[in-house]
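So you can see what is in the structure, the chains are spelled out below.
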Amino acid sequence: MDPAPRSAPEPDGGGAPAEASGFPSPARDYFNGGIDLNRHLIRDRTCTFIMRVAGNAMAAAGIADGDELIVDRSLVPRDGSVVVAVLDGELVVRRLRLGGRGASLETDDGARPTELTELADLTVWGVATRCLHRV
Amino acid sequence: MSDAGAADAPGPVPPGAPIALVDVNNFYVSCERVFDPSLEGRAVVVLSNNDGCVVARSAEAKALGITTGTPWFQVAPSADRWGLVARSSNYELYGDLSARVMEVIGRFGAWQEVYSIDESFLGLAPGEFRRAEARVVEVAATIREAVARHVGVPVCVGVAPTKTLAKFANHIAKRNAGMRGVCSLGSMPDAEVRRIQSRVPVTGLWGVGARTGARLNALGIESIADLRAADPLAIRKRFSVVLQRTVLELNGVPCIPQADERADKQQIVFSRSFSAPVTRAEEMDQVMAVYAQRGAARLAAQGQRASVLTVTAGTSRFSGGAASFPSASVPLPEPTNDPIRLTKAAVAAMRGRLEPGAAYLRAGVMFSGLSRDVAGGGQELLDVFATGDGDRNVGDLLGNVRAKFGEAAIGLGQGGLAAPASWSMKREFSSPKYTTEWAELPVVRA
């Protein structure tokens, strides 16, 4: 009654290219699937989000207006990390500087950094790991 | 795969191992806050389909006295004065964040049973906890932190020897800010547990509705403590085996081994344990197909459509092989109870998520974001059979499923294809589909 008996042969290569009807492709045994950007760009899908950048204050870091940022929420932000932080109820991308008791969130255009005298005032939403930039 | 068979199947709950019930606080509101931090600390409500009435409230909105089910038009005139923010239901967002939350939670368990879009039972490994109760609390707190860090929503964790008590522990965690979202009954003095149970009415228990509650009250059983002290056999005779189980579970005897079909206002769950493990993707495709169609039939029977479909599967910790608890939620392009669409969506959602070599012992399909089906013409019926995109194999699929699970296992609900000629849902206050639409990504200012 079992329509899919366990002894049934496995179908050939799940995602492999279609077989030529004549000779089998010599590349057949070498095909393990194409490059999967999700696998290479996303360490952990549960905590990775993509955000769109508005503004050019981080251009020197290679982050331009309209780019997409890959943001990992689970990474621990360090001194120098490019982070998505919450400032006045808004999500902003900044370079984090940690020093002494406090922290500062800097843009890369030399504008005045936001100084946070207490670490408790700092809300890091996530750490930016990649920037997708259209060339 | 009959209901009776499912009840006989080995359950995933080993006796004595702690069970956690993890759920997200004010789930829909918490999801909205992840990408809009300006909503933090404000009174926020999320509205039902078509912006009809309040279905979720932030703590601040609760403090304003707004109750679930309040029609939006009654509150709207005061919204500005109260600083109240309303959001339309954004099921794409909720479904995506739910899948993330469930996956994170699952990493901490020996087994997982996703119970609804925002709550999950989790089996904590027994060996690990033989040493110290403190370790249980520590793991529960770690789960809470992990979900907050990975997804950004707050959860509460209740831990106890049975599901019913885990639910109760979760209830305590939620109502006592000092517990920081974690309550393990084993950490509380028994006298304290009994004191709380004597103050909470039976209807505060998982699975005890208002009607059963009234019948229990008539017998003098008013509090949870009263029910705990009741004679299980007498309860079975007067009520049901289900309520007898509740009594046993209150006394620390685990006897609700797995989810069965449940329905409430917000979701329909179709979940089963298998009589034999499923190891191959093709077999899981069939399982998904059967469950999706059974669920679709129920949706149709209740006159409802779903906007989000969630699939889950799980291995048993006793099966030896790799542990794996895949879960995925997919937004449906439009609310539907069409069995063919739901089948396709369920099969596609599970594909590629199975761990090679893992032996799956249970799976489920869940429908959420439910809305009323509006009786209409037969356009969609014609559409479905006219398009033919990938529908060609449905006949084979149905045949295979029937052969494997029996003739009665599958059927296209007669109401399943009815649909209005045009459907549009009012979502005036919807936030963007931040995580499922490339054009609606959250904006970060540089």
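Residues numbered from 1 in each chain as written. Chains lettered and ligands numbered in written order. Predicted model: local features only at pLDDT ≥ 70, side-chain atom pairs only at ≥ 80, totals over all residues. Heavy atoms only, no water.

You'll find chain B entered in an unreviewed UniProt entry as Y-family DNA polymerase, with Arthrobacter halodurans given as the organism.

You'll find chain A entered in an unreviewed UniProt entry as LexA family protein, with Arthrobacter halodurans given as the organism.

(A) Focus on the overall build of chain B. Looking only at helices and strands, one finds 17 helices and 15 strands in chain B. The burial tally for chain B puts 54% of its 446 residues in the buried class. In chain B, once contacts between residues fewer than 6 apart in sequence are set aside, the share between residues at least 24 apart is 69%. With the model as given, the accessible surface of chain B reaches about 18,600 Å², and the carbon-plus-sulfur share is 53%. (Helix = DSSP H or I, 4+ residues; strand = E, 2+ residues; numbered from the N terminus. Buried < 20%, exposed > 50% of the residue type's maximum accessible area, 1.4 Å probe, protein only. Contact = heavy atoms within 4.5 Å. Areas by Shrake-Rupley, 256 points an atom, 1.4 Å probe, with all protein chains shown as cover.)

(B) Local environment of the pairing of strand S5 (residues 102-106) of chain A. Residues and elements named next belong to chain A. S5 sits mainly inside the fold: four of its five residues count as buried. The pairing of strand S4 (residues 90-99) with S5 spans five bridges and is antiparallel. The residue of S5 that forms the bridge with Arg95 is Glu106. Between the antiparallel neighbours S4 and S5 lie two residues, among them Gly100 with a positive phi of about 60°. Pairing of S5 with strand S6 (residues 114-116) involves three bridges; the strand directions are antiparallel. (Pairing = 2+ DSSP bridges.)

(C) Molecular detail of the sheet that holds strand S3 (residues 54-57) of chain B. All names here are of chain B. If you walk across this open sheet you meet the three strands as S3-S2-S4, and the pairing is mixed. Two strands bound the open sheet, and with one partner strand each, they are S3 and strand S4 (85-88). Put simply, the sheet's adjacent strands are angled 30° from each other on average, direction ignored. (Axes fitted to C-alpha atoms, helices over the stretch in contact; angles between N-to-C directions.)

(D) Region of interest: unusual backbone geometry. Of note in the backbone geometry, Asp88 of chain A takes a positive phi value of approximately 50° without being a glycine. Here Asp88 of chain A shows up in the loop between strand S3 (82-87) and S4. With a phi close to 50°, Arg180 of chain B is a non-glycine residue in the positive phi region. Positionally, Arg180 of chain B belongs in the loop between helix H8 (163-175) and strand S8 (182-184). What makes Arg180 of chain B exposed here is its relative accessible area of 67%.

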